[in-house]
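Chain by chain, the residues run as shown.
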Amino acid sequence: MKLSGQEVNNLYNSLGPQTKKVVQSTYAKLRSDSPEIARPKNSKDVEPRDLAVIIFICVRRGVIVERIRIEGKLFAQDLDP
């Protein structure tokens, strides 16, 4: 499956404000952890493929956190696959 730049922008724009902040902070952390790699300052300026990956990682992380909250489990190893 291939996503166009517009589709990735639509995906990003469909996120809520809190999720957008998570995407932006995740990108900022990625950027600061590897300064030797030239990356745009703004997460919205990265290649669509890279932005999509960051969005999917953040959404997955949110699902895991919510599952932990609902199930009352504290550690990832306690989750069923």
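Values in this document were obtained by computation on a predicted structure and should not be read as measured data.

**Describing the confidence of the model for the protein**
Detail in the predicted coordinates should be disregarded across regions flagged by low pLDDT.
In step 1: With 89% of its residues at a pLDDT of 70 or more, the protein shows a mean pLDDT of 84.
In step 2: When pLDDT is averaged over each helix and strand of the protein, the minimum, 87, is found for helix 3 (residues 48–71) and the maximum, 93, for helix 1 (residues 5–14).

**Some thoughts on the pattern of salt bridges**
In step 1: For the structure on display, the rule yields two salt bridges.
In step 2: Residues Asp-33 and Lys-29 are paired through a salt bridge, measuring 3.1 Å at the closest nitrogen-oxygen approach. Residue Asp-33 and its partner Lys-29 are both found in helix 2 (residues 17–33); the two are separated by four residues, about one turn of the helix.

**Comments concerning the environment of Ile-55**
In step 1: Position of Ile-55 among the secondary structure elements: in helix 3.
In step 2: Each C-alpha atom of the pair Ile-55 and Lys-20 lies 8.6 Å from the other, and the pair is 35 residues apart in sequence.

**A short note on the nonpolar core**
In step 1: Grouped together as the largest cluster of nonpolar side chains are 11 residues: Val-8, Tyr-12, Leu-15, Val-23, Tyr-27, Val-46, Leu-51, Ala-52, Ile-54, Ile-55 and Cys-58.
In step 2: Secondary-structure elements contributing two or more residues to this core are helix 1, helix 2 and helix 3.
In step 3: The element contributing the most residues to this core is helix 3, with five residues.
In step 4: The contacts of Cys-58, once residues within four sequence positions are left out, are Val-22, Val-23 and Thr-26.

Rules used in this analysis
In this numbering scheme, every chain counts its residues from 1 along its sequence in written order. The model is predicted, so local features are restricted to residues of pLDDT at least 70 and side-chain atom pairs to those at 80 or more, both for listing and for counting; the totals for chains, interfaces and linings are taken over all residues. Think of the side-chain values as coming from all heavy atoms in the structure, minus any hydrogens and water. The predictor attaches a confidence to each residue, and that confidence, scored 0 to 100, is pLDDT. Runs of E in the DSSP output that reach at least two residues are strands. Runs of H or I that reach at least four are helices, and both are numbered from the N terminus. A side-chain nitrogen of Lys or Arg and a carboxyl oxygen of Asp or Glu constitute a salt bridge if their distance falls within 4 Å. To define a nonpolar core, start from buried Ala, Val, Leu, Ile, Met, Phe, Trp, Tyr and Cys residues and group those joined through side-chain atoms within 4.5 Å. Residue burial is assigned from relative accessible area. The probe radius is 1.4 Å, only protein chains are included, and a residue is buried under 20% of its type maximum, exposed over 50%, and partly exposed in between. By the convention used here, residues are in contact when the closest approach between their heavy atoms is within 4.5 Å.

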